[in-house]
Amino acid sequence: MIVFGSAMTDPEAYRRWARPGILMAAEADSKIYAFAAAGSICRSYNLVLDRAAKVEGLEALVLVQQEVEILDADLCSTAREALADPEVGAVGPMGATGVESIAWWEGDVSAAPVRLRHQRFGGGEVPAFSWKTHRPPPADVDTLDGRLLVLSPWAVWNARFDESLSLGFGYDLDLSLKMREEGRRLRTADLPIAIHTRSLRVVKDLDLWIEGHITAQQRMEERLPRTAVAGVFTTTHDVFWAAARK
C-alpha cells in the first residue's frame, strides 16, 4: 500500500492544489493523511511518519506539500519501480549532488519536469531550473528537495525529521544526510509536479532564510563537505541575495 501525507498550514491551498493531485495518483487502497500542521513542518511530518509506520503492507509514503500538485496519475507505479532496490531510501522529483548548504539547487541538479505556476503579472507558468543546466532523472543525488518526497518503508520506520529546525529550512537536507549515513541511496525519479507560488523568487523572506540557514549549518556542519561561518555568506546564492538587499 502507498500512503500519502500532507501537513496543512493553509487548508484552502491544500484543497486547491495538493488534494486533487493526490486523489488522481492514489490507488483504491491508498490511505491519505492530511493533518493540520502541528507546529513546524518537521513536527508535522514526524506525526505523519508515526501514523504511516503503523500501516500494514506499507510500500511507500508520499509526503506532499500543500502547494504541490502531482501531475502524474502513474506516480504509484513510478514510486514502486524507483524503490524496488532495497538500498534506495527515498526518491523525489528534484535533488542534487555536490551540495554544500541548504541551498541545494547550487549543486549539480537532477530534476523531473517541474513547473512553477505563479501569480505574478496576472499569473503564468515557467519550467523550474530554466536558469541553469540540470540532468533528467533517474540519478543518484546527495539530497532530495522536500516539496515532494517518496519515502521507503525503511525510511518511515527508521528516519525522522529534526524538530530543532523549527524555521523549516534545511529539513530535507538533514533527512537526506541521515539516510545516506545509514548507507541508503537517494534517487530522483520521473515524477512531474507543479509548484504553486505567489513569487518567483527562490527565497521569499531573506531575513528568515538567513536565520534558518545559520541554524541548519550549525546542526550539519560536521556532515557537509564545506560549511558556512555563521553570519557570513559563502555560496553564490547568498552573495546574490545579499547584493539584492542593498
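Predicted, not measured: the structure shown is a model, and the values here were computed from it.

Rules used in this analysis
- Residues numbered from 1 in each chain as written.
- Predicted model: local features only at pLDDT ≥ 70, side-chain atom pairs only at ≥ 80, totals over all residues.
- Heavy atoms only, no water.
- Phe/Tyr/Trp six-rings, centres within 6.5 Å; stacked < 30°, edge-to-face > 60°.
- Helix = DSSP H or I, 4+ residues; strand = E, 2+ residues; numbered from the N terminus.
- Buried < 20%, exposed > 50% of the residue type's maximum accessible area, 1.4 Å probe, protein only.
- Salt bridge = Lys/Arg side-chain N within 4 Å of Asp/Glu carboxyl O.
- Arc of directions from axis to C-beta.
- Contact = heavy atoms within 4.5 Å.
- Expected span 1.5 Å × (residues − 1).
- pLDDT = per-residue confidence, 0-100.
- Pairing = 2+ DSSP bridges.

1. Regarding the packing of aromatic side chains
With the rule as written, the count across this model stands at 7 aromatic pairs. Plain terms: the ring middles of Tyr45 and Phe161 are 5.6 Å apart, the flat faces sit at 50° to each other, and that makes the pair tilted. With Tyr45 in helix 2 (residues 41-52) and Phe161 in the loop between helix 4 (153-158) and helix 5 (171-181), this pair connects stretches of sequence that are 116 residues apart. Across the pair, Phe161 and Tyr45 agree in class, each one buried. When the ring of Trp104 is compared with that of Trp105, the centres are 6.0 Å apart and the planes differ by 75°; the resulting orientation is edge-to-face. Exposure remark for Trp105: the relative accessible area of 12% places this residue in the buried category.

2. As for the pattern of salt bridges
As enumerated under the stated definition, the model contains 15 salt bridges in all. Salt-bridge contacts for Glu125 lead to Arg115; the nearest nitrogen and oxygen are separated by 2.8 Å. Highlighted residues: Glu125 in strand 9 (residues 124-127) and Arg115 in strand 8 (residues 114-118), separated in sequence by 10 residues. You can call Glu125 partly exposed: its relative accessible area is 38%. Residue class for Arg115 comes out partly exposed when judged on its relative accessible area of 29%. Salt bridges sharing partners connect three or more residues here, namely Glu69, Arg115, Arg117 and Glu125.

3. Let's talk about helix 3 (residues 75-82)
Within the sequence span of helix 3, burial applies to Leu75, Cys76, Thr78 and Ala79. Projection of helix 3 onto a plane perpendicular to its axis shows the buried side chains occupying an angular sector of 160°, all on one side. Close packing links the buried residues of helix 3 with strand 1 (2-8), helix 1 (11-25), strand 3 (60-64), strand 4 (68-70) and strand 12 (148-151).

4. Concerning helix 2
Since the α-helix advances by 3.6 residues per turn, residues separated by three or four positions end up pointing in the same direction. Spanning 12 residues, helix 2 covers 16 Å between terminal C-alpha atoms, matching the ideal 16 Å at 1.5 Å per step. All buried positions along helix 2 are accounted for by Cys42, Ser44, Tyr45, Asn46, Val48, Leu49 and Ala52. Contacts from the buried residues of helix 2 go to strand 1, strand 2 (32-36), strand 3, strand 12, helix 4 and helix 5.

5. Remarks on the confidence of the model for the protein chain
For the protein chain, the mean per-residue pLDDT works out to 85, and 78% of the residues sit at or above 70. pLDDT under 50 marks residues 227-246. Its contacts with residues more than four places away, or in other chains, come to 32 contacts.

6. Points about the pairing of strand 12
Regular strands show a simple pattern: their side chains alternate between the two faces of the sheet. Of the two faces of strand 12, the one carrying Leu148 and Val150 and the one carrying Leu149 and Leu151 are both buried. Where strand 3 meets strand 12, 4 bridges bridge the pair, whose relative direction is antiparallel. Paired with Val62 across the bridge in strand 12 is Val150. Bridge count between strand 5 (residues 88-92) and strand 12: 2 bridges; the pairing is antiparallel. Bridge pairing links Val91 to Val150 in strand 12.

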